Amino acid sequence: MNTLRTFTTGYGTQGNFYSLPALADQGFPNLARLPISIRIVLESLLRNHDGLKVSDKDISNLANYNAKSPGDYEIPFVVARIVLQDFTGVPLLVDLAAMRSAVNGMGRDAKMIEPLVPVDLVVDHSVQVDYAGTGDALERNLDLEFHRNRERYEFLKWGEQAFETFKVVPPGIGIVHQVNLEYLAKCVLEKNGVFYPDTLVGTDSHTTMINGLGVVGWGVGGIEAEAGMLGQPVTFLVPEVVGVYLTGKLNTGVTATDLVLLVTEVLRKTKVVGKFVEFYGPGAKALSLPDRATIANMAPEYGATMGFFGIDEITIGYLTGTGRPAELCTTVENYYKAQGLWGIPTERDALEFSQVVDLDLSTVKPGVAGPKRPQDRIDLDNLKVKWAELLAAPTADGGFAKSETLTATVIVDSKANVHDQIQHGSVLIAAITSCTNTSNPSVMLAAGLLAKKANALGLTIKPSIKTSLGPGSRVVTEYLNKTGLQAELDTLGFQTVGYGCTTCIGNSGPLDSGIEDVVKSNDIVAASVLSGNRNFEARVHQSVKANFLMSPPLVVAFALAGTINIDLTKEPLGTSKDGKPVFLADIWPSGQEITDAMNSSLKPDIFQRLYTGFSDQNPKWNQIKSSTGEVYAWDRESTYIQEPPFFDGFSPTPRDIVEIHGARPLGIFGDSVTTDHISPAGAIKMDSPAGRYLLEEGVGYPDFNSYGSRRGNDRVMTRGTFANVRIKNLMVPDTEGGVTRIKGETKDIYDAAAIYQQDATPTIIIGGEDYGMGSSRDWAAKGTNLLGVKAVITKSFERIHRSNLVGMGVLPCNFVNKDDYEKVKGLVDATFDLTGIDNNLKPMQQATLQVHPVSGASFSIPVVVRIDTPVEKDYYRAGGILPYVLAQILD
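Bear in mind that the values here come from a model prediction, so they are computed numbers and not experimental data. (Residues numbered from 1 in each chain as written. Predicted model: local features only at pLDDT ≥ 70, side-chain atom pairs only at ≥ 80, totals over all residues. Heavy atoms only, no water.)

Please set out the overall build of the chain residue by residue, giving values where relevant.
Tallying secondary structure elements over the chain gives 34 helices and 34 strands in all. The C-alpha radius of gyration computed for the chain amounts to 26 Å, which stays within 12% of the reference 29 Å derived for 891 residues, consistent with globular compactness. Principal-axis analysis of the C-alpha atoms gives the chain an extent of 80 × 75 × 55 Å. A total of 891 residues make up the chain; the buried ones form 63% of that total. Of all intrachain contacts in the chain linking residues separated by at least 6 positions in sequence, the fraction that spans at least 24 positions is 75%. About 30,300 Å² of surface is accessible on the chain, with carbon and sulfur atoms providing 49% of the total. Side chains of the chain give 81 positive and 101 negative charges; the mean places of these two sets differ by 1 Å. (Helix = DSSP H or I, 4+ residues; strand = E, 2+ residues; numbered from the N terminus. Rg over C-alpha atoms; globule rule 2.2 N^0.38 Å. Buried < 20%, exposed > 50% of the residue type's maximum accessible area, 1.4 Å probe, protein only. Contact = heavy atoms within 4.5 Å. Areas by Shrake-Rupley, 256 points an atom, 1.4 Å probe, with all protein chains shown as cover. Lys, Arg positive; Asp, Glu negative; His and termini not counted. Charge placed at Lys NZ, Arg CZ, Asp CG, Glu CD.)

Quick look at the structure:
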């Protein structure tokens, strides 16, 4: 296919590109009506066409894309680059180092293992909010971060010198997705004179934030990312593309956060899991770039693979405003115009979508989401009523089963032992956090302006509330300082605690013991309010059961109110210094105030200055010393970095696909079990398999750090799989935590798995709907594999986790008839056989689950084996994607 053409770049030269319009002229006349996101993926196929990884058939399949009936073919998508955060990036680097060690041990050249595309790792997941509410919180948290993570950081520095295409953005700079948006993304890239769209995958589900900039990309597990780094296409089934047609405009007082929470609610109901979502229409075209990025960021929460916006004048304005070179900005515009990809369509039928969802922006109301899921949106004026319902509702219905009113006294250790009163619904954590919102100057400045008005009226925040500000980049601090609003936030206790994900990922740090002890002993249903994107059980803090997502100004407002048991649209949130009631409307900033603050503080030179000389901005990083060389020198005494067993017994010969016989259930779970439930995350309990292991290794409890920080050590992570304190294994009724039943006894899941493995007894997991929803945690699959689980059988999977299970050699299956789940969910002591599978397994083939209860007759249940593509079968036969890629490299 001869489609190589030229266009005029912003550098005054002619650049080559693989032309989609030229392809359309070669027998694909409908190509210009395809969704923009599909066409960008098509360009990658066209450019990487080699007859092997990408064939003529692959190109013609996608060029003939039928939105109403996409078909079931797979797309081999070669991405332009990879982005990582450190929690998922460190284990990925561990796997690469282990691969080099394996190759070196075979007497081959270790340099064979080298990323083939640029890889950027941003250290943003390690900072915890140990200190908050003081002027020195930032420095103290940073000191602790480096103390806790020195081994990991030494390892990252080794990786940066060992791999030519691997770069690290050090701690204290920002959150990966905001750094990607403000700095890393270029929209158009160039190699050997050929220009092409900036595309990527990232090892964090919120990689989709970059879709707001017109960049195609989404989150994958570290397993898939490694394959992409080593030259394998990211293979996925052709998706449906749902168009979201936006009209109207947001009313005064309604924020981008309010909009994205509504979008999440609507699209969850629309069932867009595994689909591309593309926003268009006059409402989409009028949105600012940060507002688009906010909506794109939460694609995982509404279940989509992407939440995409096209490139237009707003995009170019953002690139210019964030300090990208003028030549690049012109190149981006000229390239997308030459490709016929320029602009956001405003006509409803301009493009062909699988489905169109209409949303009038003028109907969006202020709201929050919670207390346990981001899609459970509540109108702000209905929160008090809804909270009363949730508090009284049975736990089986998602409530808290609390009917009595309770008031308890707490002693706030960190604030001179001052006393305070708390109740059900009392706010204990108020965090302005997360790239979802801290990348958006309008809501951040709104929070500062609201704080300014609150201070002027003499409002204060209860001492029992842990307040924090975790900006997604140093740019936020710059414009808050320039407008004088950082000082206003400081006055209320929202001092900067670190530049990273902080509370949004569960790094909220400890509550005062005088508070936490009372919460636990009185079983108080306390609340957190945060400007994050996730609020699953036990994610924010293990002792805080009700967690609500909201805009940054609402975080400040609820902190002032001290409770979520309030209607802020009608009731005062405090009393002024002259004794008058103060309502939310009294301190809510006007649109003009926000615009004026943005215009006075956001300049391109700020971005240019703060995104150069990273080492100079964090001298502690320069003090980190590391080993050198192409092969990592493993330290067998390390409790952070260990050589994983994934290449033990490696053979380039694919294994046979065999039936599973005599399997025991290791866990039987209900609906909406998240990767936060499965994967080790948050704090490590002393009395847990992982805690006991660390104590045996000589690590004191204060130095346990988090599971996320120890993802480079499979010994810790395997012990922490399924160890979430809120997970409910139906095999042990009325009990929370990572336990199971084995031979009539209740044991930790890890300990039971060890017994089964010693006895050579295979195990399975049984789950309900949306199993594996949430973040793209590869350890949710790695840990499942290392526990000896052979198959996971559920009603349905979230996309990334199903893929990761295959990538770790674990067989995912779905019940053909979802009601069959009810037949097995109570069979604690049954044995199971999975039959009808062999080397001739076809994608989405049906198999049989034979069930043998202790009492009663055996019976059979049909299941679908969720090996979705031919290449996934290859991964499974190899024992996972990592052995598969290694075999390919060595071939």
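Hey, could you go over the environment of Glu154 for me, with residue numbers and the actual values?
Tracing the backbone through its elements, the reader meets Glu154 in helix α5 (residues 137-162). What makes Glu154 partly exposed here is its relative accessible area of 29%. When the C-alpha positions of Glu154 and Ser627 are compared, they lie 7.5 Å apart, and in sequence the two are 473 residues distant. Those residues in contact with Glu154 that lie beyond four places of it in its chain are Ile624, Lys625 and Ser626.

An account of the pairing of strand β29 (residues 763-766) is needed here, citing residue identities and associated values.
The side chains of a regular strand alternate, first on one face of the sheet and then on the other. Residues Thr763 and Ile765 line one face of β29 and the alternating positions Ile764 and Ile766 line the opposite face, and both faces are buried. Where β29 meets strand β30 (residues 789-794), four bridges bridge the pair, whose relative direction is parallel. Each residue of the ladder has a partner; that of Ile766, found in β30, is Ile793. (Pairing = 2+ DSSP bridges.)

Any chance you could break down helix α30 (residues 779-786) for me, citing the residues and the numbers?
For the α-helix, the turn length of 3.6 residues means that residues three or four positions removed from each other point alike. Within α30, seven of the eight residues are buried, leaving the element largely enclosed by the surrounding structure. Residues of α30 that are buried include every one of Trp779, Ala780, Ala781, Lys782, Gly783, Thr784 and Leu786, and no others.

Any chance you could break down the packing of aromatic side chains for me, citing the residues and the numbers?
Using the criterion set out here, one finds 32 aromatic pairs in the structure. Aromatic side chains Phe236 and Phe276 sit 6.0 Å apart centroid to centroid with 35 degrees between the ring planes, which places their arrangement in the tilted category. Here Phe236 is found in strand β11 (residues 234-237), whereas its partner Phe276 is found in strand β13 (residues 276-280), with 40 residues between them in sequence. You can call Phe276 buried: its relative accessible area is 0%. Seen in terms of ring centroids, Tyr245 and Tyr280 are 5.0 Å apart; in terms of plane orientation they differ by 55 degrees. Their pairing is tilted. Of this pair, Tyr245 sits in strand β12 (residues 241-247) while Tyr280 sits in strand β13, and the two are 35 residues apart along the sequence. Aromatic ring contacts, followed pair by pair, group Phe7, Phe17, Phe195, Tyr335 and Tyr336 into a single cluster. Above the face of the Phe400 ring, Lys372 is positioned so that its terminal group lies 4.9 Å from the ring centre. A cation sits over an aromatic face here: Arg655 above Tyr876, 4.6 Å from the ring centre. (Phe/Tyr/Trp six-rings, centres within 6.5 Å; stacked < 30°, edge-to-face > 60°. Lys NZ or Arg CZ within 6 Å of the ring centre and 35° of its normal.)

Explain a nonpolar patch on the surface residue by residue, including any values.
Together, Met686, Leu695 and Tyr701 line one region of the surface with nonpolar side chains, adding up to about 280 Å² of accessible area. Along the polypeptide, Leu695 turns up in helix α27 (residues 689-696). The class of Leu695 is partly exposed, set by a relative accessible area of 40%. (Patch = residues over 30% accessible without salt bridge, like charges linked within 9 Å, V, L, I, M, F, W, Y side chains within 5 Å. Salt bridge = Lys/Arg side-chain N within 4 Å of Asp/Glu carboxyl O.)

Could you give an account of the state of the cysteines, naming the residues involved and the relevant values?
For the coordinates displayed, the defined rule picks out zero disulfides. With no disulfide partner, Cys501 has as its closest neighbouring cysteine sulfur the one in Cys435, 6.2 Å distant. (Disulfide = S-S within 2.5 Å.)

How would you summarise empty space enclosed by the protein if you had to cite specific residues and measurements?
Rolled over the atoms, a probe as big as a water molecule pinpoints where empty space is left. One pass over the full model with this rule turns up seven cavities of 30 Å³ or more. Lining the largest cavity are 21 residues; nearest its centre among them are His125, Asp204, His206, Ile505 and Arg539. When grouped by side-chain class, the residues that make up the lining of the largest cavity number five nonpolar, eleven polar and five charged. (1 Å grid on protein atoms, 1.4 Å probe; cavity = no way out; pocket = protein on both sides within 12 Å on 5 of 7 lines; lining within 4 Å. Points joined across faces, edges and corners; volume = space filled by probe spheres on them. Nonpolar A, V, L, I, M, F, W, Y, C, P; charged D, E, K, R; others polar.)

Run through unusual backbone geometry, naming residues and quoting values.
Of the consecutive residues Gly370 and Pro371, the connecting peptide bond is found in the cis state with omega at 10 degrees. If you trace the backbone, Pro371 turns up in the loop between β16 (367-369) and β17 (377-379). A positive phi is found at Cys187, a non-glycine position, where the angle reads about 75 degrees. Here Cys187 lies in the loop between α6 (176-184) and β7 (188-191). According to the relative accessible area criterion, Cys187 is buried, its value standing at 0%.

Lay out the sheet that holds β29 with the relevant residues and their values.
One closed barrel holds the seven strands; their spatial order is β26-β29-β30-β31-β34-β33-β32, and the pairing between them is mixed. This sheet shows a mean twist of 40 degrees between the axes of neighbouring strands, independent of strand direction. Its contacts with the sheet put helix α29 (residues 749-758) on β26 (660-668) and β29, and the angle it makes with β26 is roughly 170 degrees. (Axes fitted to C-alpha atoms, helices over the stretch in contact; angles between N-to-C directions.)

Mind laying out the packing of helix α4 (residues 86-105) against helix α34 (residues 881-890), listing which residues take part and the relevant values?
Direction vectors running N to C along α4 and α34 enclose 45 degrees, while the axes themselves pass 12 Å from each other. Judged by the inter-axis angle, α4 sits oblique to α34. Note that α4 runs across α34; the crossing there is right-handed. In contact with Asp95, Met99, Ala102 and Val103 of α4, α34 contributes Leu882, Leu886 and Leu890. (Parallel < 35°, antiparallel > 145°, perpendicular 65-115°, else oblique. Left-handed = near helix turned anticlockwise from the far one by under 90°.)

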